[in-house]
Amino acid sequence: MEIIKFPFSLLAEWMCLLTSILLFKETIPKFWQWFAPYLALTVAIESYSFYMSRILGLRPDTQWLYNLYLMLYILFHLYIFSKIIELKRIKTICLIFLFFLIGFYAWNWINVSFFKSFSTTNTLFGGSIIVLSILYYYSLFHQEEPKDILKEPAFWFITGCFIFYATSTSVSAFYEEIIAYSKKNYFPLRYVIMNFLNIIMYGCWIKSFLCLQRSQTSSRQLY
């Protein structure tokens, strides 16, 4: 069971952060440059939690930290989606989702202890990402010039997000059944699934970074 306790998700986050630092140049579009600081903050929070709980053996209440981080998490994702989806009204759609989520975040803040998970906001955010991902796939059918999507950074970023949130939403829907199974079989099924999903998502993000780097290299070679 020790291998299950290995921080696979944290390792994937570190790899994604290092990839963004090593590959990204000042010549890339501005919004891609936000990945490095965003991932640095994500890694810092996750590393702190891992160090306190797994290394020191303490049980610090860090939920308040994740609740603060949640709004930045929402803003970052909606900002990136508004930049990479090629639809005329995508910015308006993302703003609607943002105000909608801010409303529920405020509701959680008022009605839920700040030391408990803002699960409602998290769930609705996941649903928003699924909808935006579907809009991206829809936009692919309306491109004036067909592209090789497997070489598109946006495709890999959104695909990673879509797989993660579509599956994790299903996991949340069957939360009680999964917990019951875990207790009965002494196997942390939800932990394993979420680690696997994180590896897939950050792996897709790394692939998107590699595609971006290749596209930048190809552009420079043309001049």
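Residues numbered from 1 in each chain as written. Predicted model: local features only at pLDDT ≥ 70, side-chain atom pairs only at ≥ 80, totals over all residues. Heavy atoms only, no water.

Q: Describe helix α5 (residues 119–140), and please don't skip the residues or the numbers.
A: The end-to-end C-alpha distance of α5 is 32 Å, a good match for the 32 Å that 22 residues give at a rise of 1.5 Å each. Restricting attention to buried positions, one finds in α5 the residues T121, F125, G126, S128, I129, I130, L132, S133, Y136, S139 and L140. Where α5 is buried, its residues contact α3 (63–84), α4 (90–111) and α6 (153–173). (Helix = DSSP H or I, 4+ residues; strand = E, 2+ residues; numbered from the N terminus. Expected span 1.5 Å × (residues − 1). Buried < 20%, exposed > 50% of the residue type's maximum accessible area, 1.4 Å probe, protein only. Contact = heavy atoms within 4.5 Å.)

Q: Could you give me a rundown of the packing of helix α2 (residues 35–55) against α3, with the residues and numbers involved?
A: Two numbers describe how α2 lies on α3: the axes approach to 12 Å, and their chain directions differ by 155°. As summarised for this structure, α2 and α3 are arranged roughly antiparallel, according to the angle between their axes. In terms of crossing hand, the pair formed by α2 and α3 is left-handed. Contact residues: F35, Y38, L41, T42, I45, E46, Y48 and S49 in α2; L65, Y66, Y69, L72, Y73, F76, H77 and I80 in α3. Along the lines of polarity and charge, the residues of the contact of α2 with α3 split into 12 nonpolar, 3 polar and 1 charged. (Axes fitted to C-alpha atoms, helices over the stretch in contact; angles between N-to-C directions. Parallel < 35°, antiparallel > 145°, perpendicular 65-115°, else oblique. Left-handed = near helix turned anticlockwise from the far one by under 90°. Nonpolar A, V, L, I, M, F, W, Y, C, P; charged D, E, K, R; others polar.)

Q: Quick one: what's the story with the nonpolar core, residue by residue and with numbers?
A: Ranked by size, the top nonpolar core spans 56 residues in total, and within it W32, F35, F157 and W205 carry the most contacts. Elements represented by at least two residues in this core include exactly α1 (8–23), α2, α3, α4, α5, α6 and α8 (189–221). Every residue in contact with W32, bar those within four places of it in the chain, is listed here: F24, I84, P153, A154, F157, S208, F209 and L212. (Core = buried A, V, L, I, M, F, W, Y, C linked by side-chain atoms within 4.5 Å.)

Q: Describe the environment of R214, and please don't skip the residues or the numbers.
A: Residue position: R214 is located in helix α8. Given a relative accessible area of 46%, R214 falls into the partly exposed group. In this structure, the C-alpha to C-alpha distance between R214 and E152, residues 62 residues apart in sequence, is 10.0 Å.

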